[in-house]
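Structural characterization, general
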Amino acid sequence: MAHRKPNLPEKICAACARPFAWRRKWARDWEAVRYCSEACRRGKRLAHKEDAHPPLAHPARAS
């Protein structure tokens, strides 16, 4: 049977905006933890927002 951990504190990842729960390896510095993973910490993931990558604006060509 799986071990359930219903009362762990959660935060929202600053990079991907997903919730993540407390882990034992973060026990000493939980207040400073901002990202859910190394990939998010390194900036590999982007937030799921429409304005994360705005379309490139092409200047009108003069004829």
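Scroll up to find the structure.
Every value quoted in this text rests on a predicted model; they were computed, and no experiment measured them.

Cut-offs used in this document
- Residues numbered from 1 in each chain as written.
- Predicted model: local features only at pLDDT ≥ 70, side-chain atom pairs only at ≥ 80, totals over all residues.
- Heavy atoms only, no water.
- Helix = DSSP H or I, 4+ residues; strand = E, 2+ residues; numbered from the N terminus.
- Buried < 20%, exposed > 50% of the residue type's maximum accessible area, 1.4 Å probe, protein only.
- Contact = heavy atoms within 4.5 Å.
- Phe/Tyr/Trp six-rings, centres within 6.5 Å; stacked < 30°, edge-to-face > 60°.

Some remarks on the environment of Val 33
Inspection of the secondary structure assignment puts Val 33 in the loop between strand E2 (19–21) and helix H1 (38–42). According to the relative accessible area criterion, Val 33 is buried, its value standing at 10%. Residues Val 33 and Cys 13, 20 residues apart in the sequence, show an inter-C-alpha distance of 8.9 Å. Other than its neighbours up to four places away in sequence, Val 33 contacts Lys 11, Phe 20 and Trp 26.

Focus on unusual backbone geometry
Its identity is not glycine, yet Ala 17 carries a phi of approximately 65°, on the positive side. Turning to its location among the elements, Ala 17 is positioned in the loop between strand E1 (10–12) and E2.

Topic: the packing of aromatic side chains
Any aromatic ring pair is given by two values, namely how distant the centres are and how the planes are angled relative to each other. Inspection of the entire model under this criterion finds three aromatic pairs. Between the aromatic rings of Phe 20 and Trp 26, the centroid separation amounts to 5.4 Å while the plane-to-plane angle is 80°, which identifies the pairing as edge-to-face. Classification of Trp 26 by relative accessible area gives buried; the value is 12%. Look at Phe 20 and Trp 30: their rings are 5.9 Å apart centre to centre, the planes differ by 70°, and that puts the pair in the edge-to-face class. With Phe 20 in strand E2 and Trp 30 in the loop between E2 and H1, this pair connects stretches of sequence that are 10 residues apart. On the basis of relative accessibility, which here comes to 6%, the residue Phe 20 falls in the buried class.

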